[in-house]
Amino acid sequence: MQILVKPIVTEKATIQTEDLNVYAFYVNTKANKIQIKNAVEETYGVNVEKVRTINVRPERKSRFTKTGVQHGKTNATKKAIVKLVEGETIDLYANM
């Protein structure tokens, strides 16, 4: 099972990275905080101080068409907010 799916690179996440030394990742929905901490430490070679997780519910939409009402939804995801020990950083752009 792959724990880390991809890093979140948004305006808000970048500001938190610069100011608070906090990084955000999309993670597997079945992963717990201990698994996320070990995966980040193993992948990036840093020490993790704290992990917070957020379960993002699926977004539901409906559309009215000639054949009737069509219902759909997006996939449920999980985000992890990882705080690193003072003085350590992750270079997310190194592998590009």
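Residues numbered from 1 in each chain as written. Predicted model: local features only at pLDDT ≥ 70, side-chain atom pairs only at ≥ 80, totals over all residues. Heavy atoms only, no water.

**Re unusual backbone geometry**
Even without being a glycine, asparagine 21 presents a positive backbone phi close to 60°. Mapped onto the elements, asparagine 21 comes out in the loop between α1 (11–20) and β2 (22–27). (Helix = DSSP H or I, 4+ residues; strand = E, 2+ residues; numbered from the N terminus.)

**Description of the nonpolar core**
Counting 16 residues, the largest nonpolar core has Phe25, Ile36, Val40, Val82, Leu84 and Ile90 as its most contacted members. Elements with a contribution of two residues or more to this core: β2, α2 (33–44), β3 (48–56) and β6 (77–84). The contacts of valine 82, once residues within four sequence positions are left out, are Asn21, Val22, Tyr23, Phe25, Ile36, Val40, Val48 and Lys50. Ile8, Ala13, Val22 and Ala24 belong to the second largest nonpolar core, which has five residues in total. (Core = buried A, V, L, I, M, F, W, Y, C linked by side-chain atoms within 4.5 Å. Buried < 20%, exposed > 50% of the residue type's maximum accessible area, 1.4 Å probe, protein only. Contact = heavy atoms within 4.5 Å.)

**A few points about a positive patch on the surface**
A contiguous patch of positive charge on the surface is contributed by Lys33, Lys50, Arg52 and Lys83. Its location among the elements puts lysine 33 in helix α2. Accessibility expressed as a relative area gives 44% for lysine 33, which makes it partly exposed. (Patch = residues over 30% accessible without salt bridge, like charges linked within 9 Å, V, L, I, M, F, W, Y side chains within 5 Å. Areas by Shrake-Rupley, 256 points an atom, 1.4 Å probe, with all protein chains shown as cover. Salt bridge = Lys/Arg side-chain N within 4 Å of Asp/Glu carboxyl O. Lys, Arg positive; Asp, Glu negative; His and termini not counted. Charge placed at Lys NZ, Arg CZ, Asp CG, Glu CD.)

**Some details on the layout of surface pockets**
Roughly 230 Å³ of volume is contained in the largest pocket. Taken together, Ile8, Thr10, Lys12, Ala13, Gln16, Ala24, Arg52, Ile54, Lys79 and Ile81 make up the lining of the largest pocket. With three residues, the top contributor of residues to the lining of the largest pocket is α1. Roughly 160 Å³ of internal volume is contained in the second largest pocket. Contributing to the lining of the second largest pocket are Ile8, Val9, Ala13, Thr14, Thr17, Glu18, Tyr23, Ala24, Ile90, Asp91, Leu92 and Tyr93. Secondary-structure elements contributing two or more residues to the lining of the second largest pocket are α1 and β2. In terms of residue count, α1 provides more of the lining of the second largest pocket than any other element does, four residues in total. A per-class count over the lining of the second largest pocket returns eight nonpolar, two polar and two charged. (1 Å grid on protein atoms, 1.4 Å probe; cavity = no way out; pocket = protein on both sides within 12 Å on 5 of 7 lines; lining within 4 Å. Points joined across faces, edges and corners; volume = space filled by probe spheres on them. Nonpolar A, V, L, I, M, F, W, Y, C, P; charged D, E, K, R; others polar.)

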